[in-house]
Amino acid sequence: MELKEYVGKQIKKWREIRGYSQEELAAMINTTKQTISRYETGARHANQDVLFDIAKSLKVSINVFFPEDQEAKDSKLETIAAHIDEDVTEEELEDIKRYIQFIKSQRK
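No experiment lies behind these values; they were computed from the predicted model shown.

For the protein, the count of helices and strands is six helices and zero strands. Beginning at the N terminus, the succession of helices and strands in the protein can be written as α-α-α-α-α-α. For 108 residues, the compact-globule estimate of 2.2 N^0.38 gives 13 Å, and the protein exceeds it by more than 25% at 18 Å. By its C-alpha atoms, the protein is 55 × 25 × 20 Å across when sized along the principal axes. Within the span of the protein, comprising 108 residues, buried residues form 23% of the whole. When contacts within the protein are restricted to residue pairs at least 6 apart in sequence, long-range pairs at least 24 apart make up 57% of them. With 18 positive and 21 negative side-chain charges, the protein shows a spacing of 12 Å between the two charge centroids.

Right, let's talk about helix α3 (residues 33-41) for a bit. Of all the positions in α3, only Thr35, Ile36, Tyr39 and Glu40 are classed as buried. When α3 is viewed along its axis, its buried side chains cluster within an angular range of 135° and face the same direction. Check the buried side of α3 and you find it contacts α1 (3-17), α2 (22-28) and α4 (48-58). After α3 finishes, the residue Gly42 shows a positive phi value of roughly 85°.

Ile11, Tyr39, Ile54, Leu58 and Phe65 are the most contacted members of the largest nonpolar core, which totals 17 residues. For this core, the secondary-structure elements that each account for two or more residues are α1, α2, α3 and α4. A per-element tally of this core places α4 first, with five residues.

Turning our attention to unusual backbone geometry. Even without being a glycine, Asn30 presents a positive backbone phi close to 60°. Relative to the helices and strands, Asn30 resides in the loop between α2 and α3. Although it is not a glycine, Lys59 sits at a positive phi angle of roughly 60°. Positionally, Lys59 belongs in the loop between α4 and α5 (70-82). Judged by relative accessible area, which is 63%, Lys59 ranks as exposed.

Another point: the packing of α1 against α4. Contact geometry for α1 and α4: axes closest at 10 Å, N-to-C directions at 20°. For the element pair α1 / α4, the angle class is roughly parallel. For the element pair α1 and α4, the recorded crossing hand is left-handed. Contacts between α1 and α4 involve Val7, Ile11, Trp14 and Arg15 from the first element and Leu51, Ile54 and Leu58 from the second.

About the thresholds
- Residues numbered from 1 in each chain as written.
- Predicted model: local features only at pLDDT ≥ 70, side-chain atom pairs only at ≥ 80, totals over all residues.
- Heavy atoms only, no water.
- Helix = DSSP H or I, 4+ residues; strand = E, 2+ residues; numbered from the N terminus.
- Rg over C-alpha atoms; globule rule 2.2 N^0.38 Å.
- Buried < 20%, exposed > 50% of the residue type's maximum accessible area, 1.4 Å probe, protein only.
- Contact = heavy atoms within 4.5 Å.
- Lys, Arg positive; Asp, Glu negative; His and termini not counted.
- Charge placed at Lys NZ, Arg CZ, Asp CG, Glu CD.
- Arc of directions from axis to C-beta.
- Core = buried A, V, L, I, M, F, W, Y, C linked by side-chain atoms within 4.5 Å.
- Axes fitted to C-alpha atoms, helices over the stretch in contact; angles between N-to-C directions.
- Parallel < 35°, antiparallel > 145°, perpendicular 65-115°, else oblique.
- Left-handed = near helix turned anticlockwise from the far one by under 90°.

What is shown is where atoms sit, not what they do.
Put into C-alpha cells, the structure is as follows:
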C-alpha cells in the first residue's frame, strides 16, 4: 500500500472516530469536501502542513498518519519486557494486561 493510501485510511478512520463528516473536517481546515474525499481515497497527496492541520482538528498526533515499522514495534516490546523481572506474579501480569486494554480503550 502506498503511503498516500495509508494516510487516507487514517484520516478517514480518525474522522469517523471523532464523528465528523467530510464537510465538517473540510471546514475545520478551510478546504472542500471533495478534497477530503480525495485525501481519504489516496487520490490526492496531503502535504505536511495539511496533515498537521488535520491532526490538530482531529486531536491526534501527526504520527498516526505514518505506519510504524516492525523494528520500532519490536523495540517497544523489548523495552516493556525488560521492565518485567522474573519475580512478576501471574496476578501482576494480568494487571499489566488489563492496564494495556484500558489504555487502548481510551484511544476511541
